[in-house]
Amino acid sequence: MLAIAFVIAGCSRPSTLQEIRSEGVLHVITRNTPSVYYEGRDGPTGYDFELARLFANDLGVELKVRVADDNTGVLSVIDQDYAHIGLAGLSYRPNFPGRYHTISNGVEAESVVVYHRETDRPDSLDDLEGQTLHLVADSNHEHQLKQLQTENKGLQWEVHPGLDAAGILARVESGEFSMAIVSSNELDLNHVFFPMVKSAFSLGEPENLLWLFPGEQDQTLANAARDFISELRESGALAQISERFYGHLDRLNYVGARTFVHHVENRLPKYESLFRDYASNYELDWRLLAAIGYQESHWRPNAVSPTGVRGLMMLTRTTAKHIGIKNRLDVEQSIQGGAKYFTMVHRKVPERIQEPDRTWFALASYNVGWGHVEDARRLTEGAGKDPDRWMDVKEFLPLLAQKEWYTKTRFGYARGHEPVIYVQNIRRYYDVLAWMTEPMEVAEAPQKPWFKDLEGMEKIIRPGDTVPDQKTRASLPSELGFVPPTL
């Protein structure tokens, strides 16, 4: 009747985009995973979350996020039209057309077979026959396995509704699972935490990861999101977001990860209280300060370099004198000096440079000096790129070691590749420290359905729709365990 009234009155039904702007809220359903959404040290973050936040800002509306237990929950909410967008890190499936509108989020991923390092490596699908592959529920992998099973009858797998990718990898790490399949992007983000896990081969080609929109919607919101992400890609902002979450993940190999974990357990306890105290004094994250210390000396208080840099934070004689440190080999003085010096170089970074790039520039400056960083920024700007973006400047820092480039700079030669590696390593050490120093709870299979009444999860009502039965509303599920943040 309401639709007839619109026609009689000469009015057309508002589009999904118009409704959102009228209501002033963009409703998103997602799940906890470092590739999509998680609670970081400064609040919610994650690749897809950051895109959604920027998109909501572009629309001029509030972003309202709800978190489901897993992909099954995300899909259920979208199927029932209880949210405008679903962020689940999924790629295309044959049953998506007609069920959802979809757009690419700018990330590609593939399904990767992983195994325990101390078992035989599978090299092909033939090696998987007779083995049980372990998967998360409603993943990108099961429909691929079903297609492959038509020619590989021995393929078999088990789905684990209560586990996420980190939970699957943890069980491969412990030896409970001999083989599993995870998405390549989630493997990249989590691999360093599970050094006994190795990748074998991919099931297929990389595929675009998608944002999902209810099929009941018209396509105005999906089209607006597609145009917005296209604009981010053209401006370079999309690459900047990708670098923030994925740009440092290749810096810690198996041996380095095992060594670092050993040192966290055996060396860090001696100095953790000092890192915490002086980080607090200078309003720093103590894990970042500790990560700097590890990169500098592997937490060895008597470390001395061939150039005379010494102490746990490896301060130069000039720096120590400048900041008032008398004994660089004294652990407390060294950590205090490192915290003070990092704060000083951080303040040198122009205020217009936003976090996290501001911290990356400060770390590079801590390593090589702000003058050389400025030289690299000038080279970056001269090449038509953004001197305020770390992802651009880190391409030009290594040029400071080449005569044709450093002769054009103010401060001359520098081993410019070192600060790039330095920053990447510290970012990765921070990831592991955050993961190891916070409680980790592995999500178990829910004992009861998570559909119940909850304010804020109402169906997206449109003119002409009827209000759904209150008993069928999707609730906010319990939070998953801690997810390691990615700086």
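Residues numbered from 1 in each chain as written. Predicted model: local features only at pLDDT ≥ 70, side-chain atom pairs only at ≥ 80, totals over all residues. Heavy atoms only, no water.

Caption draft 1: Region of the structure containing the sheet that holds strand 1 (residues 25–31). Spatial ordering of the open sheet is given by 4-1-5-12-6, a layout of five strands whose pairing is mixed. Where the open sheet ends on each side, the last strands, each with one partner, are strand 4 (62–68) and strand 6 (100–109). Within the sheet, the average angular offset between the axes of one strand and its neighbour, ignoring direction, is 30°. Here strand 1 runs beside strand 5 (residues 85–91); their pairing, made up of three bridges, is parallel. Pairing of Ile 29 across the sheet is with Gly 86, part of strand 5. Relative to the sheet, helix 4 (residues 71–79) contacts strand 1, strand 4, strand 5, strand 6 and strand 12 (207–214), its axis offset from that of strand 5 by approximately 130°. (Pairing = 2+ DSSP bridges. Helix = DSSP H or I, 4+ residues; strand = E, 2+ residues; numbered from the N terminus. Axes fitted to C-alpha atoms, helices over the stretch in contact; angles between N-to-C directions. Contact = heavy atoms within 4.5 Å.)

Caption draft 2: Spatial organisation of the packing of aromatic side chains. Enumeration over the complete set of coordinates arrives at 12 aromatic pairs. Plain terms: the ring middles of Phe 55 and Trp 211 are 6.4 Å apart, the flat faces sit at 50° to each other, and that makes the pair tilted. Within this pair, whereas Phe 55 is found in helix 3 (residues 47–59), its partner Trp 211 is found in strand 12, the two being separated by 156 residues in sequence. The exposure classification of Phe 55 matches that of Trp 211, with both residues buried. Centre to centre, the rings of Tyr 341 and Tyr 366 are 5.2 Å apart; their planes meet at 55°, and the pair counts as tilted. Within this pair, whereas Tyr 341 is found in helix 15 (residues 331–348), its partner Tyr 366 is found in helix 16 (residues 357–368), the two being separated by 25 residues in sequence. Considered together, Tyr 341 and Tyr 366 belong to a single accessibility category, that of buried residues. Three or more aromatic residues joined by ring pairs form one cluster here, namely Phe 260, Tyr 294, Trp 299 and Tyr 429. Note that Lys 408 overlies the ring of Trp 405, its terminal NZ or CZ placed 5.0 Å from the centroid. (Phe/Tyr/Trp six-rings, centres within 6.5 Å; stacked < 30°, edge-to-face > 60°. Buried < 20%, exposed > 50% of the residue type's maximum accessible area, 1.4 Å probe, protein only. Lys NZ or Arg CZ within 6 Å of the ring centre and 35° of its normal.)

Caption draft 3: Main features of the pattern of salt bridges. The tally for this structure, following the rule as stated, stands at 15 salt bridges. We note a salt bridge from Glu 176 to Arg 171, for which the minimum N-O separation is 3.9 Å. Overall, Arg 171 belongs to the buried group, its relative accessible area being 14%. Look at the salt bridges and you will find they share partners, linking Arg 352, Glu 374, Arg 377 and Asp 388 into a network. (Salt bridge = Lys/Arg side-chain N within 4 Å of Asp/Glu carboxyl O.)

Caption draft 4: Highlighting the packing of helix 16 against helix 20 (residues 417–436). At a closest axis distance of 9 Å, the pairing of helix 16 and helix 20 adopts a crossing angle of 125°. Taken together, the axis directions place helix 16 and helix 20 in an arrangement best described as oblique. Handedness of the crossing formed by helix 16 with helix 20: right-handed. Side by side, helix 16 and helix 20 meet where Trp 360, Leu 363, Ala 364, Tyr 366, Asn 367 and Val 368 of the first sit next to Glu 418, Pro 419, Tyr 422, Val 423, Ile 426 and Arg 427 of the second. (Parallel < 35°, antiparallel > 145°, perpendicular 65-115°, else oblique. Left-handed = near helix turned anticlockwise from the far one by under 90°.)

Caption draft 5: Representation of unusual backbone geometry in the model. In this structure, the amide linkage connecting Glu 355 to the following residue, Pro 356, adopts the cis form with an omega of 10°. Looking at the element boundaries, Pro 356 is found in the loop between helix 15 and helix 16. With a phi angle near 60°, Trp 299 is a residue other than glycine that sits in the positive phi range. Looking at where Trp 299 falls in the secondary structure, it is placed in the loop between helix 13 (286–297) and helix 14 (317–323).

Caption draft 6: Just a negative patch on the surface, in detail. Together, Asp 58, Asp 227, Glu 231 and Glu 234 make up a region of like negative charge exposed at the surface. The dominant element in the negative patch, judged by the number of residues it contributes, is helix 9 (residues 220–235), at three residues. Within the fold, Glu 234 resides in helix 9. (Patch = residues over 30% accessible without salt bridge, like charges linked within 9 Å, V, L, I, M, F, W, Y side chains within 5 Å. Areas by Shrake-Rupley, 256 points an atom, 1.4 Å probe, with all protein chains shown as cover. Lys, Arg positive; Asp, Glu negative; His and termini not counted. Charge placed at Lys NZ, Arg CZ, Asp CG, Glu CD.)

Caption draft 7: Quick look at helix 9. Between its first and last C-alpha, helix 9 extends 23 Å over 16 residues, near the 22 Å set by a 1.5 Å rise per residue. Every buried residue of helix 9 is listed here: Leu 221, Ala 222, Ala 224, Ala 225, Phe 228, Ile 229 and Leu 232. End-on view of helix 9: buried residues confined to an arc of 160°, all on one side of the axis. Phi turns positive one or two residues past the end of helix 9, at Gly 236, with a value near 90°. (Expected span 1.5 Å × (residues − 1). Arc of directions from axis to C-beta.)

Caption draft 8: Region of the structure containing helix 17 (residues 370–382). The first and last C-alpha atoms of helix 17 sit 18 Å apart over 13 residues, in line with the 18 Å expected at 1.5 Å per residue. Those residues of helix 17 lying buried are Trp 370, Gly 371, His 372, Val 373, Asp 375, Ala 376, Arg 377, Leu 379 and Thr 380. Of the residues one or two after helix 17, Gly 384 is the one with positive phi, at around 85°.

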